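Observations on the model geometry
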Amino acid sequence: YLGFEAGLEYGKKHREMGEKLGVKDPATIYRDISSSMFNCVGYGIMETIEISKNPPYALIRVHNCFECDLQRGAGKFSSHLVRGMIAGVLTGLLGVKMFAKEIKCIAKGDPHCEFQVNEG
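These remarks concern the structure in this document. Keep in mind the model is a prediction, meaning the values are calculated, not measured.

**Quick word on helix 1 (residues 2-20)**
Here helix 1 is 19 residues long and its end C-alpha atoms lie 27 Å apart, about the 27 Å a rise of 1.5 Å per residue gives. Within helix 1, burial applies to Gly3, Phe4, Gly7, Leu8, Gly11, His14 and Gly18. Each buried residue of helix 1 lies within a common arc of 135 degrees when the element is viewed along its axis, so the set occupies one face. Among the exposed residues of helix 1, those oriented more than 90 degrees off its buried face are Leu2 and Lys20. Residues of helix 1 that are buried sit in contact with helix 2 (26-40), helix 4 (81-94) and strand 3 (98-104).

As structure tokens, this is what we get:
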């Protein structure tokens, strides 16, 4: 819940930043602003595989996710904060409540973390 609430605020701020730059497309804002901010603060290296507004959907990959890196070898999905942040940011940008599900995780032995994000 903390991640979602933080992400929701980030999404609103990123949309405002995009509008100041003349960018209104949520997918472009996510790719160019949200992902860059995520990378800059050291949470990991975010890669947007797919994102669409209609239907609301995203597939997000995170390399070196700080949260899951701490849990390597745990054998279970470990990204709760980052998963919530991704869902919150996309909710703020797309204007519909989004839910993120971690489908790959470095804590489980996968090469990266991956999140499927759907309207929820």
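**Considerations on helix 2**
Over its 15 residues, helix 2 runs 20 Å from end to end, which matches the ideal 21 Å to within 8%, given 1.5 Å per residue. Of all the bends found along helix 2, the most pronounced is centred on Ser34 and spans about 25 degrees. When helix 2 is considered as a whole, its buried residues turn out to be Pro26, Ala27, Ile29, Tyr30, Ile33, Ser34, Ser35 and Phe38. Where helix 2 is buried, its residues meet helix 1, strand 1 (45-52), strand 2 (57-63) and helix 4. Gly42 sits one or two residues past helix 2 and shows a positive phi near 90 degrees.

**Observations regarding the side chain of Arg61**
Its place among the elements puts Arg61 in strand 2. Looking at Arg61, its side chain comes within polar contact range of the side chain of His112, at 3.1 Å. Excluding its chain neighbours within four sequence positions, the residues that come into contact with Arg61 are Ile45, Met46, Glu47, Ile49, His112, Cys113 and Glu114.

**What to know about the sheet that holds strand 4 (residues 113-119)**
Paired through backbone hydrogen bonds, the strands of a sheet run either parallel or antiparallel to each other. With antiparallel pairing, four strands are arranged side by side in an open sheet as 1-2-4-3. The open sheet is flanked by strand 1 and strand 3, the only strands paired with a single partner. Recorded for the sheet is a direction-independent mean angle of 20 degrees between the axes of neighbouring strands. For strand 1 and strand 2, the ladder comprises seven bridges, and the chain directions are antiparallel. Of the residues in strand 2, the one forming a bridge with Met46 is Val62. Each of strand 1 and strand 2 is contacted by helix 2, which is oriented at about 165 degrees to strand 1, the strand it contacts most. Strand contacts of helix 4: strand 1, strand 2, strand 3 and strand 4, with the helix running at about 140 degrees to strand 3, the strand carrying the most contacts.

What counts and what doesn't
Here the residue index of a chain counts from 1 through its sequence in written order. Local features in this predicted model are restricted to residues whose pLDDT is 70 or higher, and side-chain atom pairs enter the listing and the counts only when it is 80 or higher, whereas totals over whole chains, interfaces and linings include all residues. The basis for every side-chain value is the complete set of heavy atoms in the structure, and neither hydrogens nor water enter the calculation. By the criteria applied, helices consist of DSSP H or I runs no shorter than four residues and strands consist of E runs no shorter than two, each listed in order from the N terminus. One fewer than the residue count of a helix, multiplied by 1.5 Å, yields its expected span. Accessibility here uses a 1.4 Å probe with only protein chains present; expressed as a share of the type maximum, an area under 20% marks a residue as buried, one over 50% as exposed, and anything in between as partly exposed. Working definition: the arc comes from the directions between the helix axis and the C-beta atoms, pointing outward to the latter. In this description, contact between two residues means that some pair of their heavy atoms is separated by no more than 4.5 Å. One axis is fitted to the seven residues ending at the residue and one to the seven starting there. The bend at that residue is the angle between these axes. What qualifies as a polar contact is a pair of N or O atoms within 3.5 Å, subject to a donor-acceptor requirement within protein and to the restriction that residues adjacent in sequence count only when both atoms come from side chains. Strands pair, by our definition, only if DSSP identifies at least two bridges between them. Only the stretch in contact is used when a helix axis is fitted, and all axes are lines through C-alpha atoms; the angle between N-to-C directions ranges over 0 to 180 degrees.

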